[in-house]
Amino acid sequence: MTADVVVTGLGATTPLGGDVPSTWAGLLAGESGVTAVDEEWARQLPVRIAARLRVEPGTVLDRVRARRMDRCEQVALVAAREAWADAGRPEVAPERLAVVVGTGTGGALSLLGQDDILETSGVRRVSPHTVPMLMANGPAAWVSIEVGARAGAHTPVSACASGAEALALGVDLIRLGRADVVVAGGAEACIHPLPLAGFAQAKAHSTRNDAPQRASRPFDLGRDGFVIGEGAALVVLERAEFAAARAARVHAVLAGAGVTSDAHHITAAHQDGQVRAIRLALAAAGLAPRDIALVHAHATSTPLGDLVEARSVTEAVGTHPAVTAVKSMTGHLFGAAGALGALAAILSVRDSAVPPTVNLTDPDPAIGLDVVTGRPRTGPLTAVLSNAFGFGGHNAALVFTPAR
């Protein structure tokens, strides 16, 4: 239960780039991946902005296979291939290799698209691949097939905490002795009229249609909601002894994870649950609050959510760490958001660099945190906390430390 878990592989496809290096470069440069949605179907909507993929997955996947996959499954496979290659394609017994890929909506695009076909063209036009495309476990299943994992293919579905909870489950699988290597992360692709309309009706999505790149503004006094995004981020986790035996390069140590639920409200965040998750992660890592040098905040740019998280960080850790919010650039990737935040935290630990939070032009005085803006902040980081919280009261916190 105390085995060290290390990160040996990184993979991503995001609104900033089709791989990890381009995504990381975009984050450090303060680049925004949010653009206008110009399609005809969006003209009726109050929300016409989104953070779309910079590189289409269909351009890097086999065309026949890609047609049988939902977009969410496609991005998961793209990120998994990069992460697996980055880890050096570990030689591990299939029965000791597991996959955990979280998602918030799974194959929502396929479900909605095939329903439209059924209504307009009839049953004979519905794809025979519909069910494998729409099922939430599809991304994990495709990744397990890709790498040959037989120790389990798991799918946490915990809204915007899904990707981070996937990494936490990966740690558990290794520490419980059920796997030596785990490919873990999150994937999401649901830019569609229905989710956009639903979030708009809930007043959760920004309506800054005239200024897409300035719409996502965590911790800013003028924040008015998140911006929907799409993409995937996956990492390769290994038992430290296993990685050392094969002389693997280690990006960082996943020192601790904490997962809680609020049992409070279906959409409203609760400070107690977030604080407990952070404290559990710190305890699992054997660290004190003073050890945290940086917080990669969940910070979606909603008026209430950012404030609750700021109070949670202050209570659980203090106001001394630097804080950054990458959703200001990538938008909110929902089920993949926690995994992308974790990936950014890993890179911060590895490269001693903190991406800036963009669009923070009028800081909310109620936040009270040291939010990094302008240029990246550099310097060694003792430990980094990455938060992810989701509708339904799901809370996940991860702590990363430098490779030993």
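Model, not experiment: these values are computed from the prediction.

**Points about the packing of aromatic side chains**
No. 1: For the coordinates displayed, the defined rule picks out three aromatic pairs.
No. 2: Pairing Phe199 with Phe334 gives two aromatic rings, centres 5.1 Å apart and planes at 35°, and the pair type is tilted. One end of the pair, Phe199, is in helix α8 (residues 193-201); the other, Phe334, is in the loop between α12 (327-330) and α13 (337-351), and 135 residues separate them in sequence. Per residue, the accessibility class of Phe199 equals that of Phe334, and both read buried.
No. 3: When the ring of Phe226 is compared with that of Phe334, the centres are 5.5 Å apart and the planes differ by 80°; the resulting orientation is edge-to-face. Here the residue Phe226 occupies a position in the loop between α8 and β7 (231-239), and Phe334 occupies one in the loop between α12 and α13, the gap between them amounting to 108 residues.
No. 4: Looking at Phe334, the relative accessible area reads 5%, which means it is buried.
No. 5: Through pairs of rings, three or more aromatic residues link up here, namely Phe199, Phe226 and Phe334.

**Topic: helix α11 (residues 303-316)**
No. 1: Helix length check: α11, at 14 residues, gives a terminal C-alpha distance of 21 Å against a target of 20 Å (1.5 Å per residue), a fit within 8%.
No. 2: For α11, every residue scored as buried is listed here: Asp306, Leu307, Val308, Glu309, Ala310, Ser312, Val313 and Ala316.
No. 3: Those residues of α11 hidden inside the fold are in contact with α10 (271-285), β9 (294-296) and β14 (384-390).
No. 4: Remark: Gly318 follows α11 within two positions and exhibits a positive phi of approximately 120°.

**Describing unusual backbone geometry**
No. 1: Residues other than glycine seldom take positive phi values, yet Lys203 does so here, at roughly 60°.
No. 2: Relative to the helices and strands, Lys203 is located in the loop between α8 and β7.
No. 3: Lys203 sits in the exposed class, given a relative accessible area of 68%.
No. 4: Positive phi is not limited to glycine here, since Ser352 has a value of about 55°.
No. 5: Relative to the helices and strands, Ser352 is located in the loop between α13 and β11 (353-354).
No. 6: Residue Ser352 is classed as partly exposed on the basis of its relative accessible area of 24%.

**Some remarks on the sheet that holds strand β4 (residues 97-102)**
No. 1: Strand order across the open sheet formed by 11 strands is β5-β4-β6-β7-β1-β8-β15-β14-β9-β10-β12, with mixed pairing between neighbours. Edge positions in the sheet fall to β5 (153-154) and β12 (370-371), since each has one partner strand and no second.
No. 2: Here six bridges tie β4 to strand β6 (residues 181-188), and the two strands are oriented parallel to one another. Opposite Ala98, over in β6, you have Val182 as the bridge partner.

Calculation notes
Residues numbered from 1 in each chain as written. Predicted model: local features only at pLDDT ≥ 70, side-chain atom pairs only at ≥ 80, totals over all residues. Heavy atoms only, no water. Phe/Tyr/Trp six-rings, centres within 6.5 Å; stacked < 30°, edge-to-face > 60°. Helix = DSSP H or I, 4+ residues; strand = E, 2+ residues; numbered from the N terminus. Buried < 20%, exposed > 50% of the residue type's maximum accessible area, 1.4 Å probe, protein only. Expected span 1.5 Å × (residues − 1). Contact = heavy atoms within 4.5 Å. Pairing = 2+ DSSP bridges.

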